[in-house]
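# Remarks on the overall topology
Given next are the chains, with one letter for each unit.
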Amino acid sequence: IIRACPDPASLADYLISVLEKSPPSVLGVTTWINAYEDMIFILSAVKKKFPRMLIVGGGYHTTWFEEDFLLHIPRIAGSDNPIFDLIVAGEGEQPVRDLISYLRGKKNPHEIAGAIFFRDGQCEKGGAQAFLPLDDESRSPLPDWSCYQDIERFWPILPVDYSRGCHYHCIMCGHEAMSGSGIRSRRADQVVSGMERDRLLFGIRHFRISSSMFPRARIEEFTKELLSRQNLRDIRWSCFAKPNDFSRESDLPLLADMEKSGCEAVFFGIESGDDQVLARLGKKTGTDNIRQAVRNVRTTSIKVVGSFMVGNPLETDETIARTVSFIEELQLDSAPSVTLAPLPRTELTSNPEKHGYALHPDWKKALMLSRVEHIQDPDKWTYNLDFYEHKHNGKSFLDYTKICGRISRELFQKGVSRISDEVFLMAHLLCKDPDQVYVEHSTKLKERDMAFFEQEIRRSWEATKNAAQQ
């Protein structure tokens, strides 16, 4: 249940009011690192109101930290049990089925895939994470968005879960912990039929392929399937992609078909402009391949987003300068940059010495208990400063975050935005300039002006319905 509320107390009140109408046996919660403190506040209020309701947590937060998550979250007043009755590591489809069987008395908690829970004051684990085949619609169906009775409270831009897993094995990436190292994909006709259904039911014509690894072969199948559907010619979509998949001359026809089928933007995780840093990160590509991939996409009207990181292994002032020069040379439509965060269950944090990376002694707990303020101006940070001031390659996380901010401001002044691919979809939907959308939304978010966002969402639905009628 999601609703734009100005503060955690308002969201807790709203959630409780919804739950009171028809209290469920189980409340499922996706957890987020930067929302940890707000999440605990909200769920404490829920647990106090509904002490017998089973609260189950899932998502990347619980997947990365596993039992450490349960060990550190607050306990229920007067009890040794945590606010969460159970958390799940990994994908959720099979654990939900197992959980239902458990509630019906047909399974014990140790048989729930990916489950972690408390029993007699001890943290225990259930079954192994389950990676279901996505092309089996009976086991991994596409989401049924009609279940959302208040869907018009959301942006009319739907995520498309096309494929999961990745075979690149980048040392800092946390996706493998969630979805494994093998690639599993849905069929193109299955995915496009789902989009067609959403177009007919809601008028929605903007879709974001949310798969972090969208293989070239799947892109080609998807594009051909889209072009074969006459009633989907007004669709707009964006996706993540790998530079290696678009760096050859033979890739130009595919890019032309992507443009024709409505591709608005592609997102390349470039990360650095230094070849040694790219090799250490395990990116399996180099600056020459990246240059050619961007040039090839530039032969179309498709926008190119390239994300970058600072604070990488082998990072120096010189490698950062090379990255900035590389961004300017590429003439990207957008180049968002972030500070590398050491995530659990990655090669980087499993073998930091091997990669020349200095971890803070209490890095896992500090990262797990991050606050919303850590996505704001770093000069205003007041929490976990011991962790954020810990030095790596002569600079701290705080230093690198300030460098990120400076780079973004300087590039923005030169016409290089810092938006993600879905903002281009949002701008197309609202008939606005992408940078205008970014500036307006960033400003209003900091001001917690929820009325503005409700108005923007209403406008976006009006545009969606008008287009559907035409």
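Throughout what follows, the structure given in this document is the object of discussion. What you are looking at is a predicted structure, and each value in this text was computed from that prediction instead of being measured.

### Brief notes about the packing of aromatic side chains
Inspection of every chain in the model, using the stated rule, returns 13 aromatic pairs. On the numbers, 6.1 Å between centres and 65 degrees between planes, the contact of F214 with F222 is edge-to-face. Residue class for F222 comes out buried when judged on its relative accessible area of 0%. Relative to W237, the ring of F222 lies with its centre 5.0 Å away and its plane at 90 degrees, an arrangement referred to as edge-to-face. Within this pair, whereas F222 is found in helix 8 (residues 216-227), its partner W237 is found in strand 10 (residues 236-241), the two being separated by 15 residues in sequence. Through a chain of ring-to-ring contacts, the aromatic side chains of Y162, F214, F222 and W237 assemble into a single cluster. One residue, K242, lies across the ring of Y168, its end atom 4.8 Å from the ring centre.

### A short note on the sheet that holds strand 3 (residues 86-88)
One open sheet accounts for five strands, arranged 1-2-3-4-5; its pairing is mixed. Looking at which strands have only one partner, the edges of the open sheet turn out to be strand 1 (26-30) and strand 5 (122-125). Taken pair by pair, the neighbouring strands of this sheet meet at an average axis angle of 25 degrees, ignoring direction. Of the strands in this sheet, strand 1, strand 2 (54-58) and strand 3 touch helix 5 (residues 93-103), which is tilted by about 160 degrees from strand 2.

### Overview of the environment of V297
Note that V297 resides in helix 11 (residues 287-297). Taking the relative accessible area as the measure of exposure, V297 reaches 1% and is therefore buried. Placed 48 residues apart in sequence, V297 and E249 show a C-alpha to C-alpha distance of 11 Å. If we ignore the near neighbours within four places in the chain, the residues touching V297 are L255, V266, F268, I302 and V304.

### Some details on the sheet that holds strand 9 (residues 206-209)
Spatial strand order, 6-9-10-11-12-13: six strands in an open sheet with parallel pairing. The sheet is open, and its two edges are formed by strand 6 (157-160) and strand 13 (337-339), each paired on a single side. Pairwise comparison of adjacent strand axes, ignoring direction, gives a mean angle of 20 degrees for this sheet. In this sheet, strand 11 (residues 263-271) lies alongside strand 10 in parallel orientation, the contact comprising five bridges. Residue pairing in the sheet places F240 in a bridge with F267 of strand 11. Across the sheet, helix 16 (residues 397-413) is in contact with strand 12 (303-310) and strand 13; its angle to strand 13 comes to roughly 170 degrees.

Definitions and limits used
Residues numbered from 1 in each chain as written. Predicted model: local features only at pLDDT ≥ 70, side-chain atom pairs only at ≥ 80, totals over all residues. Heavy atoms only, no water. Phe/Tyr/Trp six-rings, centres within 6.5 Å; stacked < 30°, edge-to-face > 60°. Buried < 20%, exposed > 50% of the residue type's maximum accessible area, 1.4 Å probe, protein only. Helix = DSSP H or I, 4+ residues; strand = E, 2+ residues; numbered from the N terminus. Lys NZ or Arg CZ within 6 Å of the ring centre and 35° of its normal. Pairing = 2+ DSSP bridges. Axes fitted to C-alpha atoms, helices over the stretch in contact; angles between N-to-C directions. Contact = heavy atoms within 4.5 Å.

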